[in-house]
Amino acid sequence: MNKLTTMKTDNSPIVMEKLTTLETLDRSFDLEFWQRQNATARFSAAWQARVEADFDGIKVFVLSREHLIKTRNSQADRKT
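How each quantity is defined
- Residues numbered from 1 in each chain as written.
- Predicted model: local features only at pLDDT ≥ 70, side-chain atom pairs only at ≥ 80, totals over all residues.
- Heavy atoms only, no water.
- Helix = DSSP H or I, 4+ residues; strand = E, 2+ residues; numbered from the N terminus.
- Buried < 20%, exposed > 50% of the residue type's maximum accessible area, 1.4 Å probe, protein only.
- Contact = heavy atoms within 4.5 Å.
- Areas by Shrake-Rupley, 256 points an atom, 1.4 Å probe, with all protein chains shown as cover.
- Patch = residues over 30% accessible without salt bridge, like charges linked within 9 Å, V, L, I, M, F, W, Y side chains within 5 Å.
- Salt bridge = Lys/Arg side-chain N within 4 Å of Asp/Glu carboxyl O.

(A) Summary view of the overall build of the chain. Counting its regular elements, the chain contains 3 helices and 4 strands. When its helices and strands are written in sequence order, the chain yields β-β-α-α-β-β-α. Classification of the 80 residues of the chain by burial places 10% in the buried group. Pairs at least 24 apart in sequence give 14% of the contacts found in the chain among residues at least 6 apart. Of the roughly 6800 Å² of accessible surface on the chain, 56% is carried by carbon and sulfur atoms.

Here it is as structure tokens:
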């Protein structure tokens, strides 16, 4: 049982829900959700998940290890 519902009005955020079973659960919902977001929403989510790193005394912000792994896996899924 897979059912995806999307609701959006001009000024509201995208609201998506998926009803599924554990046997059919995959990352397609997450991928579709983020693909429907604009660049500002994706950047905002990434910025909230940033971590501070130190490179030779220079502090920079990078994606967390968890998000880097998810991004890498997402890119691999797209290639297959």
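Moving on from the coordinates now.
(B) View of a nonpolar patch on the surface. Taken together, Phe43, Trp47 and Phe61 make up a surface patch of nonpolar side chains, about 350 Å² in accessible area. Structurally, Phe61 can be placed in strand E4 (residues 58–63). Here Phe61 falls in the partly exposed class, since its relative accessible area comes to 45%.

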